[in-house]
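What follows is each chain in one-letter form.
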Amino acid sequence: MKFLHITDGDKKFIPSFMDFIKDNFHEGNHEFIVYSRFKKRKINGIQFLRLNNVFSLFEVRKKIRGVDGVILHGLLDFHLVANLLLMPQKAKFHWLIWGGDLYCYQHRKKSLKNYARYLIRKLLVKGIGNIGCYFYGEVALAKDVFGFRGKWRKCLLYTSNASDAYFPNKRLISNSKRTKFLVGNSGYEANNHLLVFQKLHAQKEFSDFLVICPLAYGNSIYIKEVIDRGHDLFGDKFEAKQSFLPHQDYLKFLQEIDIAILDSSRQMGFGNIVPLLCFGKTVYLRHDIEPAQTLLKVGFRIGDVKSPRITKLSPTEVQQNISLSAREFSTNNLVLHYKTFGFI
């Protein structure tokens, strides 16, 4: 089976995903294109086609007719959505949900423009044949708000969510007595940093600690508010990471964390949750959202953000999470997931 992969030019996940395809499947069965409004989104070695261009439109239509399946690597750009609505054979589309392309429906009532865009997105999603994601709750939401009628392909999506690199032969064990907290995964309000700060500030069990917030991207005004509040409450026990780290360096950073608190009301930061669980770290999520509920059903020990106290997992619980992670988040599992799409 032959597949066309359409991306808007993401450089965080696509290059490593292409390597994954090359290492595990017949590379000749997969063609990648960058379909974007912006030339700066070009990726080396991938054909670039401009959105909202009639010649590009007909070229993409031709490519779609010549393959067995189309993999949509996110639908974040509305202009991509609008152009795809004009494409044929949508039943063979596989939409890999990225998060913002699903939860954007929450803004539909803020303006007439937003509502019009929501209706156009709904027209596209109703015709798509498949959704790829790890959490079924996202499929149920797509059915509810966009009228999705296709099939669910359970999938970990990218190597950031499933990698043998997360299972080192020798785990990093910190000799520091300082407890390191990771709060949030980005600089967006949905992380609820300020509420978590209040909880940690009120908890006196940890006398020697460091609160760390990854804030390399997000809302700049909100990021400043988080940094100012962090320094007000914790002084030199607060650290804001405002620069992107290379992937391997970021993994080393996550290995040094003791407790991660991700207080979001929707699926965010799964690319952080997976390695943290694999490394045996204590992870706190909201238990009333799909990610926590799914992980708890699998058997993972996940703390509840709404608990009155924040504590570390016991050694037995840590080992339980590591063992389950090896089963759920291996490269082999990612390969098996994509075989259900028809990859060979």
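Placed above this text is the structure.
Residues numbered from 1 in each chain as written. Predicted model: local features only at pLDDT ≥ 70, side-chain atom pairs only at ≥ 80, totals over all residues. Heavy atoms only, no water.

### Here's the deal with the overall build of the chain
Across its full length, the chain carries 13 helices and 13 strands. Since a compact globule built from 344 residues should have a radius of gyration of about 20 Å, the 21 Å found for the chain is in line with a globular shape. Referenced to the eigenvectors of the C-alpha coordinate spread, the extents of the chain come out at roughly 65 × 45 × 35 Å. The buried share among the 344 residues of the chain stands at 52%. Summed over its atoms, the accessible surface of the chain is roughly 16,300 Å², and 52% of this surface lies on carbon and sulfur atoms. For the chain, the distance from the average position of its 51 positive side-chain charges to the average position of its 30 negative side-chain charges is 6 Å. (Helix = DSSP H or I, 4+ residues; strand = E, 2+ residues; numbered from the N terminus. Rg over C-alpha atoms; globule rule 2.2 N^0.38 Å. Buried < 20%, exposed > 50% of the residue type's maximum accessible area, 1.4 Å probe, protein only. Areas by Shrake-Rupley, 256 points an atom, 1.4 Å probe, with all protein chains shown as cover. Lys, Arg positive; Asp, Glu negative; His and termini not counted. Charge placed at Lys NZ, Arg CZ, Asp CG, Glu CD.)

### A word on the sheet that holds strand β7 (residues 151–154)
Read from one edge of the open sheet, seven strands run β3-β2-β1-β4-β5-β6-β7, paired in parallel fashion. Each having just a single partner strand, β3 (47–50) and β7 make up the two edges of the open sheet. Taking the axes of each pair of neighbouring strands and ignoring which way they run, one obtains an average angle of 25° across the sheet. As defined by bridge partners, strand β1 (residues 3–7) adjoins strand β2 (residues 30–36) across five bridges and the pair is classed as parallel. Paired with Ile6 across the strands is Ile33, a residue of β2. (Pairing = 2+ DSSP bridges. Axes fitted to C-alpha atoms, helices over the stretch in contact; angles between N-to-C directions.)

### Re the nonpolar core
Phe329 and Tyr338 are the most contacted members of the largest nonpolar core, which has 53 residues in total. The biggest single contributor to this core is helix α10 (residues 270–278), with six residues. Ignoring sequence-local partners within four residues, the contact set of Phe329 consists of Tyr134, Leu156, Asn161, Ala162, Ser163, Phe167, Phe270, Val274, Leu277, Cys278, Leu295 and Phe300. Judged by nonpolar contacts, the second largest core, of 36 residues, contains Leu84, Tyr105, Leu124 and Ile128. (Core = buried A, V, L, I, M, F, W, Y, C linked by side-chain atoms within 4.5 Å. Contact = heavy atoms within 4.5 Å.)

### What about the packing of aromatic side chains?
Evaluated as defined, the whole model comprises 32 aromatic pairs. Geometrically, the ring pair formed by Phe20 and Phe25 is edge-to-face, given 5.9 Å between the ring centres and 75° between the ring planes. The pair Phe20 / Phe25 is uniform in exposure class, with both members buried. Chaining the aromatic ring pairs together yields one cluster made of Phe3, Phe13, Phe17, Phe20, Phe25, Phe32, Trp98, Tyr158, Tyr338, Phe341 and Phe343. Note that Lys40 overlies the ring of Phe38, its terminal NZ or CZ placed 5.9 Å from the centroid. The ring of Phe253 has Lys241 lying over it, and the distance from NZ or CZ to the ring centre is 5.1 Å. (Phe/Tyr/Trp six-rings, centres within 6.5 Å; stacked < 30°, edge-to-face > 60°. Lys NZ or Arg CZ within 6 Å of the ring centre and 35° of its normal.)

### Looking at the pairing of strand β11 (residues 259–262)
Alternating residues of β11 divide into Ile259 and Ile261 and Ala260 and Leu262, and every residue in both groups is buried. Taken together, the three bridges between strand β8 (residues 179–183) and β11 define a ladder with parallel strand orientation. When the sheet's bridge partners are listed, Val183 is paired in β11 with Ile261. With four bridges connecting them, β11 and strand β12 (residues 282–285) associate as parallel partners. Looking at β12, one finds that Ile261 is bridged to Tyr284.

### Examining the packing of helix α7 (residues 193–202) against helix α8 (residues 220–234)
Interhelical geometry of α7 versus α8 gives an angle of 5° and a closest axis separation of 10 Å. On the basis of their axis angle, the class for α7 and α8 is roughly parallel. Where α7 approaches α8, its residues His193, Leu194, Phe197, Gln198, Leu200 and His201 are matched on the opposing element by Tyr222, Glu225, Val226, Arg229, Gly230, Leu233 and Phe234. Of the residues in the contact of α7 with α8, the class split is seven nonpolar, four polar and two charged. (Parallel < 35°, antiparallel > 145°, perpendicular 65-115°, else oblique. Nonpolar A, V, L, I, M, F, W, Y, C, P; charged D, E, K, R; others polar.)

### As for unusual backbone geometry
With glycine set apart, most residues show a phi of negative sign, and most peptide bonds adopt trans. Of note, the phi angle at Asn52 is positive, near 65°, even though the residue is not glycine. For Asn52, the location among the structural elements is in the loop between β3 and α2 (54–65). Assessed through its relative accessible area of 47%, Asn52 is described here as partly exposed. In this structure, Leu157 takes a positive phi of about 70° despite not being glycine. When its relative accessible area of 9% is taken as the criterion, Leu157 is described as buried.

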